Amino acid sequence: MRSSTRSAPPTLKSERSTNPVPATQGEALGWAAGRLGSVGIRESRPESLALWGTITKSDPLAALRAARKPMSDDTWERFRDAVERRAEGEPLAYAMGTAGFRTLDLRVDRRVLIPRPETEGLVQRVLDWAEAEGRHGIVADIGTGSGCIALSLAVEGSFSRVIATDTSAKAMAVAADNAAAVKSDTLVDFRVGEFFEPVRETTLDAIVTNPPYVTGGEFEDLDDGVRLYEPRDALVSPENGMWHIRRILEDAMDHLNPGGLLVLEVDARRADPAIDIAGRNGWSAKIEKDVFDRPRYLLCNPAHGGNV
Ligand code: SAM
Ligand code: GLN
């Protein structure tokens, strides 16, 4: 019959659109591995464990030992949401809300680029140089994002101060949160602004930067996980990917102490043009390779006043 004035029976919406709470933690992990596997994620089991570990703030191995423990509603909701976000294509680090970088566990979300393994090598260049040259003054990280470079230098180095800059106030908020969670005696000073504007009155021993260096076209070809989730402004640079690098190579020397170091992460495909721009701007420069054997780090000293 057609509709009557009587109210419709209650729908069972909540039972359809959400999964019932699994009885045990083991069942929850089994569901997660199946869900991630069903969308083609090859490392579905380790990823499920990683998500479990960050949601419950426990060692993933603890989950293996506690597979028969009952599942609480609250943990299940948070775990299921994180698994669903990952299954829908969000990068694992964002779904977890954390990323490892050198000795640090950093909070990350869509306001900041997820730190890349090659950037760990950029930090190493600065630490090695400072140690070899006995330079312990002020170091600046231009475009700090999550704060990964600046905070690693504060924790692992022996600088008097680290200055971290970014044009993005949103990124800076994440970096400042990360700083609050990191134990270091070195002051890290966060300043919003473009290029060297935030350090215009400071003379630096070293400048380190992982600037945007991807072309607009390359960005369109990046994996969906990067293209749809990571901040475009953190990756794309005009002038065929070279605008930020050119601006930094033109201006950095004015802010550096004699014999100071400028080190940039560059795109492996454009290491040669980066060296050329460095030479034209009075730098003595060389390229070093990253852990994947790709030309990646541009190390520069003022040609008249230091050596690389
Ligand atoms: N340092 C972080 C890392 O290595 O993961 C983030 C690097 S990300 C490739 C570049 C960062 O530079 C972004 O956080 C972006 O907001 C910032 N940025 C872009 N243009 C800038 C500019 N002109 N001056 C300072 N920072 C800039
Ligand atoms: N290497 C980064 C990538 O994965 C690019 C980082 C940058 O633009 N600085 O795309």
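Below is a summary of the structure that appears in this document. Along each chain, residue indices are assigned from 1 in the same order as the chain's sequence is written. Chain labels run from A onward and ligand labels from 1 onward, assigned in the order the entries are written. Totals for whole chains, interfaces and linings use every residue, but because this is a predicted model, local features are given only for residues with pLDDT of at least 70 and side-chain atom pairs only at 80 or more, for both listing and counting. Side-chain measures here rest on the full set of heavy atoms in the structure, leaving out hydrogens and waters.

### Describing the overall build of the protein
For clarity, the threshold we go by: Here a helix means four or more residues in a row that DSSP labels H or I, a strand means two or more in a row labelled E, and each is numbered from the N terminus. Burial classes follow relative accessibility: with a 1.4 Å probe on protein chains only, a residue under 20% of its type's maximum area counts as buried, one over 50% as exposed, and anything between as partly exposed. With residues, only the protein chains shown are counted as cover, and all accessible areas are computed by Shrake-Rupley using a 1.4 Å probe.
Helix and strand counts for the protein come out as 15 helices and nine strands. By its C-alpha atoms, the protein is 90 × 45 × 35 Å across when sized along the principal axes. Taken across its 308 residues, the protein has 47% of its residues classed as buried. Accessible surface, the protein as shown: approximately 15,800 Å² in total, 49% of it carbon and sulfur.

### Description of the packing of helix α2 (residues 25–38) against helix α3 (residues 44–55)
Counted only if it meets this: Between the N-to-C directions of two axes lies an angle of 0 to 180 degrees, each axis being a line fitted to C-alpha atoms and, for a helix, fitted only over the stretch in contact. Orientation labels follow simple angle bins: below 35 degrees gives roughly parallel, above 145 gives roughly antiparallel, 65 to 115 gives roughly perpendicular, and whatever is left gives oblique. By definition, any crossing whose near helix is turned counterclockwise from its far helix by less than a right angle is left-handed, and any crossing with a clockwise turn is right-handed. Note on contacts: a residue pair is in contact if any heavy atoms of the two residues lie within 4.5 Å. Residue type decides the class: Asp, Glu, Lys and Arg count as charged, Ala, Val, Leu, Ile, Met, Phe, Trp, Tyr, Cys and Pro as nonpolar, and the leftover types, Gly among them, as polar.
Direction vectors running N to C along α2 and α3 enclose 130 degrees, while the axes themselves pass 8 Å from each other. Classed by the angle they form, the pair α2 and α3 counts as oblique. The element α2 and its partner α3 pack so that their crossing is right-handed. Where α2 abuts α3, its residues Gln25, Leu29, Ala32, Ala33, Leu36 and Gly37 lie against Ser44, Arg45, Glu47, Ser48, Leu49, Leu51 and Trp52. Along the lines of polarity and charge, the residues of the contact of α2 with α3 split into seven nonpolar, four polar and two charged.

### Focus: the site of ligand 2
Filter applied, for reference: It suffices for a single heavy atom of a residue to lie within 4 Å of a molecule or strand for the residue to be listed as near it. Throughout this description, a polar contact denotes any pair of N or O atoms lying within 3.5 Å of each other; where both atoms belong to protein, one of them has to be capable of donating a hydrogen while the other can accept it, and for residues adjacent in sequence the pair is counted only when both atoms sit in side chains. Cavity means a closed set of points on a 1 Å grid over the protein atoms alone, one where a 1.4 Å probe fits but cannot get out, pocket means an open set with protein on both sides within 12 Å along at least 5 of 7 lines, and lining means a residue has an atom within 4 Å of a point. Here the criterion for a molecule occupying a pocket or cavity is that more than half of its atoms lie within 2 Å of the pocket grid points.
Near ligand 2 you find Arg116, Glu118, Asn210, Pro211, Pro212, Tyr213, Val214 and Leu235, and these make up its full shell. Within the side chain of asparagine 210, one N or O atom sits 2.7 Å away from a nitrogen atom of ligand 2. In isolation ligand 2 has 300 Å² of accessible area, and contact with the protein removes 87% of it. With respect to the pocket detection grid, ligand 2 is positioned in the largest pocket. Here the residues of the shell around ligand 2 are counted per class, giving five nonpolar, one polar and two charged.

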